[in-house]
Amino acid sequence: MTGLTTIRATIAPRTRAHFLIAAAICVAAFAAGRAGAQTAPDYASLLAASDRSDADRDADERRDPGPFLAFAAPRPGMKVLDMGAGAGYSSELMARAVAPNGMVFAQNPADLGERAKAAFQARLATPAMKNAIAATAPFDDPVPAGVSDFDLITFLFYYHDTTYMAVDRAQMNRKLFAALKPGGILVIADHSALQGQGISVGKTLHRIEEATLRQEVEAAGFRLIGTGDFWRNAADSHDFPSFKRDMPVDNFVLKFQKP
């Protein structure tokens, strides 16, 4: 441990970042062979952990993460890529679920807002994120060099944003497909748009049509193997921005697999 500390203290900041990614790759490679034999943790106990922040507990009331965790089924030893991690709420849940020998790569674009960046960096410094690493990269090239064979990729409520950004979504989906090991899982959740709207309301209403998203992802080679209705809301009129507080929002969840 002393030798590792010395190396970190003497290398340049840019080299240090590369060193940390390389170290994470080594840890993830070691864990990959052990992931399949381990069972899912008790997600209710995970959510009730005493060291979770009050802010995250408040977010639980709105986001209801329990059914999602059961649906995505992260477990100890897994290597996970969390796309569009933002401030890291879902990344921390994944990090807790795959501990102690799994690894989470939390992807965010370089132009992430300063408030979200600061919140993520503060979260990254907590013990719960000791097996997580920031992956600053564009959406259409999101995987750190040398990293592959992910067990699980999560993409929560951000896919619609890529429809109005300078993102090559076809390339993005191909990259995600390539990053997963055979049999690996991609879980996407997003805010539902009306039939026929496609990607046209991505920027205005922050929604996307489920059929459109599914078509784009399947074009990369993925196979749909499950849907989750636990975040559906029949009271949603689908004609207002999904980020409005105290409004009923209809959310779909799709589970894809790499054959």
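Q: Even after reading the chapter, I still don't get helix H5 (residues 65-72), so can you show me in this structure?
A: A turn of α-helix holds 3.6 residues, and therefore any two residues three or four places apart point the same way. Among the residues of H5, Pro65, Phe68, Leu69, Phe71 and Ala72 are the ones counted as buried. Taken around the axis of H5, the buried residues stretch over an arc of 165 degrees, which confines them to a single face. The positive-phi residue at the C-terminal boundary of H5 is Ala73, with phi of around 60 degrees.

Q: I would appreciate a short explanation of the side chain of Ser192 in the present structure.
A: Checked against the element boundaries, Ser192 lands in the loop between strand S5 (180-191) and helix H9 (210-218). Other than its neighbours up to four places away in sequence, Ser192 contacts Arg207, Ile208, Arg232, His238, Asp250 and Phe252.

Q: Would you mind showing me how to read the packing of H5 against helix H6 (residues 89-98) here?
A: A pair of packed helices is captured by two measures, namely the crossing angle of their axes and the spacing between those axes. Where H5 contacts H6, the two axes come as close as 12 Å, and the packing angle between them is 55 degrees. Relative to H6, H5 is oriented oblique. Of the two elements, H5 crosses H6, and the hand of that crossing is right-handed. Contacts between H5 and H6 involve Pro65, Phe68 and Leu69 from the first element and Tyr89, Leu93 and Met94 from the second. A per-class count over the contact of H5 with H6 returns 6 nonpolar, no polar and no charged.

Thresholds, definitions, all that
- In this numbering scheme, every chain counts its residues from 1 along its sequence in written order.
- Totals for whole chains, interfaces and linings use every residue, but because this is a predicted model, local features are given only for residues with pLDDT of at least 70 and side-chain atom pairs only at 80 or more, for both listing and counting.
- Note that the side-chain values use all heavy atoms of the structure and ignore hydrogens as well as water.
- Think of it in three bands: with a 1.4 Å probe and only protein chains considered, a residue is buried below 20% of the maximum accessible area for its type, exposed above 50%, and partly exposed in between.
- Secondary structure follows DSSP: runs of H or I at least 4 residues long count as helices, runs of E at least 2 residues long count as strands, and numbering of each begins at the N terminus.
- Our arc is simply the arc of the directions from the helix axis toward the C-beta atoms.
- Only heavy atoms matter for contacts: two residues are in contact if any of them lie within 4.5 Å across the pair.
- Note on definitions: angles span 0 to 180 degrees between N-to-C directions of axes, and those axes are lines fitted to C-alpha atoms, for helices only across the stretch in contact.
- Any angle that falls under 35 degrees is termed roughly parallel, while one over 145 is termed roughly antiparallel, one within 65 to 115 roughly perpendicular, and all others oblique.
- For any helix crossing, the convention is left-handed if the near helix is rotated counterclockwise from the far helix by under a right angle, and right-handed if that rotation is clockwise.
- Classes in brief: Ala, Val, Leu, Ile, Met, Phe, Trp, Tyr, Cys and Pro nonpolar; Asp, Glu, Lys and Arg charged; the others, Gly included, polar.

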